[in-house]
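If you want the building blocks of each chain, they are given just below.
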Amino acid sequence: MSETSTHQIPGLKQKKVFKIIVLGDSGVGKTCLTYRFCEGQFLDKSEATIGVDFRERNIKIGHEDIKLQLWDTAGQERFRKSMVQHYYRNVHAVVIVYDVTKPETFHSIASWMQEVESHGLMRAPRVLVGNKCDCGTPESRLATTYAQRLADKYGMPLFETSALLDSECDNVESIFMTLAHKLYSKQPLRVVSVEGELGPGVVTLGRQKRSSSSNDSCLCS
Ligand SMILES: Nc1nc2c(ncn2[C@@H]2O[C@H](COP(=O)(O)OP(=O)(O)OP(=O)(O)O)[C@@H](O)[C@H]2O)c(=O)[nH]1
């Protein structure tokens, strides 16, 4: 987990910043979830992330202003490559996402956990998210009890949701707010200066169009 550091520039307002990385196979909906949380709507034309996308949202906990930085990482190995070291620098919390209609994305969780562990983040707050609950039938979706067992094994809360449905907005909110509250209660954490300025080591490489025939996309409602 991230070390505490403070960058103080006289005269500038200081704000606590929590860096949260979002991991999971390609196409599970990481970008749409982070977009839903930061922009309050579904991202209609999501494209495969290259490297990492960066979004942030200011929240309030009690009377304190907090900035949540969400690092939406590429699920495709070829788009991750040497970027991985950047993702894991100064991370405070981790979100691991799978697609409830694609068991293979659930089975990948073990290897995502290994990656998290190899970067020394086993003690960082983590949550597991089953996305695309609007897709398929209850029978075709991965059973909650099954997912809950794995979440329990790794000691992380499970959220099942949909980035697509407006009615699930509060649920998406809970994912990140749960982490924010956990992090806040463990202060002190990294403090950075300057509204809206990205810190060092922040890299955004843009996005690649997701082809409409790509079988890792899903808009089934
Ligand atoms: N039905 C449905 N489709 C979704 C949902 N979330 C995302 N999608 C679709 O799933 C596809 C992939 O979404 P992304 O958010 O780009 O997936 P990602 O995990 O960021 O993918 P990478 O950037 O390749 O790692 C897109 O076509 C989205 O429109 C959801 O909750 N429900």
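Scroll up for the structure.
Thresholds applied
- Residues numbered from 1 in each chain as written.
- Predicted model: local features only at pLDDT ≥ 70, side-chain atom pairs only at ≥ 80, totals over all residues.
- Heavy atoms only, no water.
- Helix = DSSP H or I, 4+ residues; strand = E, 2+ residues; numbered from the N terminus.
- Contact = heavy atoms within 4.5 Å.
- Areas by Shrake-Rupley, 256 points an atom, 1.4 Å probe, with all protein chains shown as cover.
- Buried < 20%, exposed > 50% of the residue type's maximum accessible area, 1.4 Å probe, protein only.
- Salt bridge = Lys/Arg side-chain N within 4 Å of Asp/Glu carboxyl O.
- Pairing = 2+ DSSP bridges.
- Core = buried A, V, L, I, M, F, W, Y, C linked by side-chain atoms within 4.5 Å.
- Arc of directions from axis to C-beta.

> Mind showing me how you'd approach the overall build of the protein here?
Across its full length, the protein carries 7 helices and 9 strands. For the protein, the proportion of contacts with a sequence separation of at least 24, taken over those separated by at least 6, is 77%. Surface exposure of the protein reaches about 10,600 Å², of which carbon and sulfur atoms provide 50%.

> Any chance you could explain helix 1 (residues 30-39) here in plain terms?
Within an α-helix, residues lying three or four positions from one another point in the same direction, as the helix has 3.6 residues per turn. Buried residues dominate helix 1, accounting for 8 of its 10 residues. K30, T31, C32, L33, T34, R36, F37 and C38 are the residues of helix 1 that are buried.

> Whenever I open this one, the environment of K186 confuses me. Can you help?
Of note, K186 is situated in the loop between helix 7 (169-185) and strand 8 (191-193). Here K186 falls in the partly exposed class, since its relative accessible area comes to 44%. Separated by 37 residues in sequence, K186 and R149 have C-alpha atoms that sit 27 Å apart. Once residues lying within four places of it in the same chain are set aside, the contact partners of K186 are R123 and P125.

> Is there a simple way to explain the pattern of salt bridges in this structure?
Two side chains of opposite charge can pair, provided their charged atoms sit close to one another. Throughout the structure, instances matching the rule amount to 8 salt bridges. For the salt bridge of E64 with K16, the shortest nitrogen-to-oxygen distance reads 2.5 Å. You can see E64 sitting in strand 4 (residues 64-73) and its partner K16 sitting in strand 1 (residues 14-23), a full 48 residues away along the chain. The class for E64 is partly exposed, based on a relative accessible area of 24%. A residue is classified by how much of its surface remains accessible, and K16, at 15% relative accessible area, is buried. As a salt-bridge pair, D99 and K132 come within 3.6 Å of each other at their nearest N and O atoms.

> Even after reading the chapter, I still don't get the pairing of strand 3 (residues 52-61), so can you show me in this structure?
Put simply, side chains in a regular strand alternate between the two faces of the sheet. Across 10 bridges, the pairing between strand 3 and strand 4 is antiparallel. Bridge pairing in strand 4 places K60 opposite D65. Between the end of strand 3 and the start of strand 4, which pair antiparallel, lie 2 residues, with G62 showing a positive phi angle near 60 degrees.

> Where do I start with unusual backbone geometry in this structure?
As a rule of thumb, non-glycine residues mostly have phi less than zero, and peptide bonds are mostly trans rather than cis. In this model, N90 sits at a positive phi of 55 degrees, which is unusual for a non-glycine residue. Note on placement: N90 falls in the loop between helix 3 (84-87) and strand 5 (93-99). A relative accessible area of 31% means that N90 is categorised as partly exposed.

> I would appreciate a short explanation of the nonpolar core in the present structure.
Side chains that are nonpolar tend, in soluble globular proteins, to be buried together. With 32 residues, the main nonpolar core has I96, Y98 and I109 as its most contacted residues. Elements that contribute at least two residues to this core include exactly strand 1, strand 3, helix 3, strand 5, helix 5 (109-118) and helix 6 (144-154). When residues no more than four places from it in sequence are discounted, the contact partners of Y98 are V28, T105, F106, I109, L128, V129, G130, N131, L142, A147, L158 and E160. Counting 30 residues, the second largest nonpolar core, distinct from the first, contains L33, F42, L70 and L164.

> Got a minute to help me understand helix 6 in this structure?
Every buried residue belonging to helix 6 is among A147, L150, A151 and Y154, and all of these are buried. The buried residues of helix 6 occupy an angular sector of 100 degrees when projected down its axis, which confines them to one face. Turned more than 90 degrees off the buried face of helix 6, the exposed positions are T145, R149, D152 and K153. Phi turns positive one or two residues past the end of helix 6, at G155, with a value near 65 degrees.

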